[in-house]
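Residue-level structure breakdown
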Amino acid sequence: MDIRINLDRLKEDIESLSQIGRDPKGGITRPSFSKTDLEARDWLKEKIKNAGLALRQDGAGNIFGRLEGKGKTIMAGSHIDTVINGGKFDGSVGVLSALECMRRIKEEGLPFSKPLELASFTDEEGNLVGDFLGSRAFTGLLNRDFLEKGLTQFGTALTEILNRTEFTIDSIMDAHQQRPDIEAFLEIHIEQGPVLETENKPIGIVDCIAGKRYRWCCFLGKASHSGTTPFELRHDAFLGLADFALKSTQYVATKHYGNMVTIGKVNVRPGAFSIVPSQADFSLDFRSTSKETLEELEKSLFALAEDVASTRGLKFTSKIVDKTDPVSIPPRIIDIMKEECEKLGYPFMILPSGAGHDAQILASVAEAGMIFIPCLDGISHSPQEMIKWEDLEKAANLLLHVLLRLASSS
Ligand SMILES: [Zn+2]
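So, here's what we can say about the structure. (Residues numbered from 1 in each chain as written. Predicted model: local features only at pLDDT ≥ 70, side-chain atom pairs only at ≥ 80, totals over all residues. Heavy atoms only, no water.)

1. Remarks on the nonpolar core
- Among the nonpolar cores identified, the biggest contains 80 residues, and Leu96, Leu186, Ile203, Leu392 and Leu399 are the most heavily contacted of them.
- Per-element accounting of this core gives the leading share, twelve residues, to helix H13 (residues 389-408).
- In this view, leucine 186 contacts Met75, Ala76, Gly77, Ile333, Met337, Gly369, Leu399, Val402, Leu403 and Leu406; residues no more than four positions away in its chain are not counted. (Core = buried A, V, L, I, M, F, W, Y, C linked by side-chain atoms within 4.5 Å. Buried < 20%, exposed > 50% of the residue type's maximum accessible area, 1.4 Å probe, protein only. Helix = DSSP H or I, 4+ residues; strand = E, 2+ residues; numbered from the N terminus. Contact = heavy atoms within 4.5 Å.)

Below is the structure:
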């Protein structure tokens, strides 16, 4: 079937959504349930209605547009929330490509038998409490205690932010009860890394999504005067952290190459130039596409931290903030994507996703699949985020053909 998406229309949608939440400091700031996000939601709902899709919203604010059919739903989408000062492609390409595909299917009267549904999930970026609030609510994977006690990154309780919306913790917890049976969930996303661009491939078919452990850790020592305390009598929490940062990276790079460990946020206290630091708090993020490796890393990185602590006269503590398990994409979905890509004549490569996505959460209730497109220099979560429109056109055409095939097969 020689059917293609309308790139001009898709481009116009992406540009028009990117006007909502323009930040004077650069890029787009549209965290879920902010004023700008509420505006973007209204914009998307209008688009869904104008496309002739049945509009639906669940108790977590996830937005859907549906074409009715028989059997389990074939779903595609992503998210329209952004990080603070984010780019215009992360998330939006997934939602708006799905919208464009469904518009083409409807306007051409293309045959399909199963229901097709577009999905836009709340707070994928984790500006509120943990990542994937919407998709976790949708799949029934949320913990009420976490929602009630968790603080958002704005320092407020989630309930305070919900007050400006029609949603409550109860409605979020119940959102999964409104979920239809889903056969497959497909998501187009920017790669957020440099591999496709380096390999000069317009399309990446994802074969697995890395799992993650995010912990908040601390080395505790003793504050003392920088001029009078000899090195051997110091309990320098920052040196403990520096030592651990180097050793943990070296360990993962030599014993588990291909897996990741990152210390991205550090607070050193008391934070004065003339005082030996007594406390070093830091985030510890480690990722792997293998659950066994994640568990092994958890044990060995802890042993390493304890070792550094005891050598340097420090105390080490750690608590889990967030975790996701790795997901393998079903071979059936990968094969269909490969076949349709070949039919369309598009070069592609198979690659893992090091970043987490809604598709990873949806994998607990459906066969999940992901299509990546390159982003310039691998940059994402930044006003500099950029893609080539012709890459998005190919990915959206691929999505269209995969959707039609899945929705027609018995
Ligand atoms: Zn995203």
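2. A closer look at the packing of aromatic side chains
- Tallied over the full model, the rule gives eleven aromatic pairs.
- With centroids separated by 5.8 Å and ring planes inclined at 65°, the aromatic side chains of phenylalanine 121 and phenylalanine 185 adopt a geometry described as edge-to-face. Of this pair, phenylalanine 121 sits in the loop between strand S4 (116-120) and helix H4 (133-139) while phenylalanine 185 sits in strand S5 (residues 182-190); the two residues are 64 residues apart in sequence, bridging distant segments of the chain.
- Relative accessible area serves as the criterion here: at 0%, phenylalanine 185 is assigned to the buried category.
- Aromatic ring contacts, followed pair by pair, group Phe219, Phe244, Phe282, Phe302 and Phe316 into a single cluster. (Phe/Tyr/Trp six-rings, centres within 6.5 Å; stacked < 30°, edge-to-face > 60°.)

3. Structural notes on the environment of tyrosine 214
- Position of tyrosine 214 relative to the elements: it lies in strand S7 (residues 211-220).
- Classification of tyrosine 214 by relative accessible area gives partly exposed; the value is 29%.
- Note: C-alpha distance between tyrosine 214 and serine 248 (34 residues apart in sequence) is 15 Å.
- The residues touching tyrosine 214, leaving out its near neighbours within four places in the chain, are Ser283, Leu284, Lys319, Ile320, Val321 and Asp322.

4. Considering the state of the cysteines
- Applying the stated criterion across every chain yields a total of zero disulfides.
- Its sulfur unpaired, cysteine 217 is 8.7 Å from the next cysteine sulfur, which belongs to cysteine 218.
- With a relative accessible area of 1%, cysteine 217 lands in the buried category.
- Cysteine 341 forms no disulfide, and the closest cysteine sulfur to it belongs to cysteine 101, at a distance of 14 Å. (Disulfide = S-S within 2.5 Å.)

5. Quick notes on the side chain of glutamate 340
- Tracing the chain through its elements places glutamate 340 in helix H11 (residues 331-344).
- Since its relative accessible area comes to 4%, glutamate 340 is described here as buried.
- Side chain to side chain, glutamate 340 and arginine 405 meet in a polar contact 2.8 Å long.
- Every residue in contact with glutamate 340, bar those within four places of it in the chain, is listed here: Leu398, His401, Val402 and Arg405. (Polar contact = N/O pair within 3.5 Å; in protein donor to acceptor, adjacent residues only side chain to side chain.)

6. Some thoughts on the pattern of salt bridges
- As enumerated under the stated definition, the model contains 33 salt bridges in all.
- Residues arginine 287 and aspartate 285 are paired through a salt bridge, measuring 2.8 Å at the closest nitrogen-oxygen approach.
- Looking at arginine 287, the relative accessible area reads 21%, which means it is partly exposed.
- Salt-bridge contacts for arginine 405 lead to glutamate 340; the nearest nitrogen and oxygen are separated by 2.8 Å. Remark: glutamate 340 occurs in helix H11 and arginine 405 occurs in helix H13; sequence separation between them is 65 residues.
- For arginine 405, a relative accessible area of 27% translates into the label partly exposed. (Salt bridge = Lys/Arg side-chain N within 4 Å of Asp/Glu carboxyl O.)

7. Remarks on the side chain of histidine 256
- Structurally, the position occupied by histidine 256 is in the loop between helix H9 (237-255) and strand S9 (260-262).
- By relative accessible area, which is 17% here, histidine 256 ends up buried.
- Here the side chain of histidine 256 touches glutamate 296 through a polar contact of 2.6 Å, side chain to side chain.
- When residues no more than four places from it in sequence are discounted, the contact partners of histidine 256 are Tyr251, Thr293, Glu296 and Leu297.

8. As for the coordination of the zinc ion
- Distances from the zinc ion to its protein donors, His79 (NE2), Asp90 (OD) and His189 (NE2), fall at 2.0 to 2.1 Å.
- Coordination of the zinc ion draws on donor residues from a single chain, spaced H-x10-D-x98-H in sequence. With histidine 79 in the loop between strand S3 (73-78) and helix H3 (92-108) and histidine 189 in strand S5, this residue pair connects regions lying 110 residues apart in the sequence.
- The exposure class of histidine 79 is buried, given its relative accessible area of 0%. (Donors = N, O, S within 2.8 Å, 3.2 Å for Na, K, Ca; no water.)

9. A look at the layout of surface pockets
- The calculated volume of the second largest pocket comes to roughly 380 Å³.
- Surrounding the second largest pocket, 19 residues form its lining, Arg136, Leu141, Asp322, Lys323 and Thr324 being those nearest its centre.
- Broken down by secondary-structure element, the contributors of at least two residues to the lining of the second largest pocket are H4, strand S13 (315-324) and helix H12 (358-362).
- It is S13 that contributes the most residues to the lining of the second largest pocket, five residues altogether.
- Per-class residue counts for the lining of the second largest pocket are ten nonpolar, four polar and five charged. (1 Å grid on protein atoms, 1.4 Å probe; cavity = no way out; pocket = protein on both sides within 12 Å on 5 of 7 lines; lining within 4 Å. Points joined across faces, edges and corners; volume = space filled by probe spheres on them. Nonpolar A, V, L, I, M, F, W, Y, C, P; charged D, E, K, R; others polar.)

10. Here's the deal with the packing of H11 against H13
- Viewed as axis vectors pointing N to C, H11 and H13 meet at an angle of 125°, and their least axial separation amounts to 9 Å. In terms of axis orientation, H11 runs oblique to H13. Judged by the twist between their axes, the crossing of H11 over H13 is right-handed. Contacts between H11 and H13 involve Arg332, Ile333, Ile336, Met337, Glu339, Glu340, Cys341, Lys343 and Leu344 on the former and, on the latter, Asn397, Leu398, His401, Val402, Arg405 and Leu406.
- Of the residues contributing to the contact of H11 with H13, the split by class is eight nonpolar, two polar and five charged. (Axes fitted to C-alpha atoms, helices over the stretch in contact; angles between N-to-C directions. Parallel < 35°, antiparallel > 145°, perpendicular 65-115°, else oblique. Left-handed = near helix turned anticlockwise from the far one by under 90°.)

11. Considering H11
- Relative to the 20 Å expected for 14 residues at 1.5 Å per residue, H11 spans 20 Å between its end C-alpha atoms, a close match to the ideal helical length.
- Turning to H11, its buried residues are Ile333, Ile334, Ile336, Met337, Glu340, Cys341 and Leu344. Seen end-on, H11 carries its buried residues on one side only, within an arc spanning 165°. Exposed side of H11, more than 90 degrees from the buried face: Pro331, Glu342 and Lys343 are the residues found there.
- Close packing links the buried residues of H11 with S5, strand S6 (203-209), strand S15 (348-353), strand S16 (367-373) and H13.
- Within two residues after H11, glycine 345 carries a phi angle of roughly 75°, on the positive side. (Expected span 1.5 Å × (residues − 1). Arc of directions from axis to C-beta.)

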